[in-house]
Each structure stands twice: as structure tokens, then as C-alpha cells.
Amino acid sequence: ALALFWKALQRQEEAFARSHREALQQLQRQEEAVNRSHCEAMARLQEAAAAMEQRQLQMLERQSRLEQEHRQTFQRMAAFFKPQPADGSESTADAHGACNRGAHA
């Protein structure tokens, strides 16, 4: 009777060890899947961050060009609408107006 009891105990221990190994293997597979998923997500985040940085640089370059164009336009307008000189010579605006009226066509 003791031998039968011992044999049953050994079978239970083997079954428990097998179940334990299978559970550990399943946990390892799940951990590997989570790690793979995490690595893939991190790679996508890095790609998105790089794309956002590139877009931000493009926007800054465009803003710089627009500001430069604005300054140039403002300078041209300021030169065009400059008040008439005190010495009586024609201002740029007056000369342009004469041009539009056909004064020297």
C-alpha cells in the first residue's frame, strides 16, 4: 500500500512539474511577444518623431522665407511711398504716378 501511495505521489509530482514547465514556457512566449510588440511600437514612435521633426524644420524654413519676403515687400513699399524730398525733386511715388499717367510713354 505504501508503494502504491508513493507511486501516485510521484505521478502527481511529475504532472505538477510538467504543468509548471508548460506555464513557464507560456509566460516566456508571452513575454517575448510583449517585448517584440514594445520594440515595434518604439520603432514606430521613433519614425513618427523623426517625421515630426522633419516637418517642423520645413515649417521653420518656410516661416523664415515668408518673414524675409515680408521684410523685402515692406522695404519696397516704404521706398515707393517715401515722402517727397524737401529739395523739390520728384519722389518715387510721384515718378511712378507720372509713369502710369503716360507722362513719358
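This text follows the structure it describes.
The structure contained in this document is the topic of the report that follows. Because the structure is predicted, anything quoted here is derived from the model rather than measured.

Remarks on the overall build of the protein
Of regular secondary structure, the protein possesses two helices and zero strands. Every one of the 105 residues in the protein was classed for burial, and the buried ones make up 3%. Of the accessible surface of the protein, which amounts to about 9,800 Å², a share of 57% is contributed by carbon and sulfur atoms.

Some remarks on the packing of aromatic side chains
This model, assessed by the stated rule, comprises one aromatic pair. Ring geometry for Phe80 versus Phe81: centroids 4.7 Å apart, planes at 90°, classification edge-to-face. A relative accessible area of 57% places Phe81 in the exposed class.

Here we look at a nonpolar patch on the surface
On the surface, a cluster of nonpolar side chains totalling about 480 Å² of accessible area is made up of Leu2, Phe5, Trp6 and Leu9. If you trace the backbone, Phe5 turns up in helix 1 (residues 2-80).

About the cut-offs
Residues numbered from 1 in each chain as written. Predicted model: local features only at pLDDT ≥ 70, side-chain atom pairs only at ≥ 80, totals over all residues. Heavy atoms only, no water. Helix = DSSP H or I, 4+ residues; strand = E, 2+ residues; numbered from the N terminus. Buried < 20%, exposed > 50% of the residue type's maximum accessible area, 1.4 Å probe, protein only. Areas by Shrake-Rupley, 256 points an atom, 1.4 Å probe, with all protein chains shown as cover. Phe/Tyr/Trp six-rings, centres within 6.5 Å; stacked < 30°, edge-to-face > 60°. Patch = residues over 30% accessible without salt bridge, like charges linked within 9 Å, V, L, I, M, F, W, Y side chains within 5 Å. Salt bridge = Lys/Arg side-chain N within 4 Å of Asp/Glu carboxyl O.

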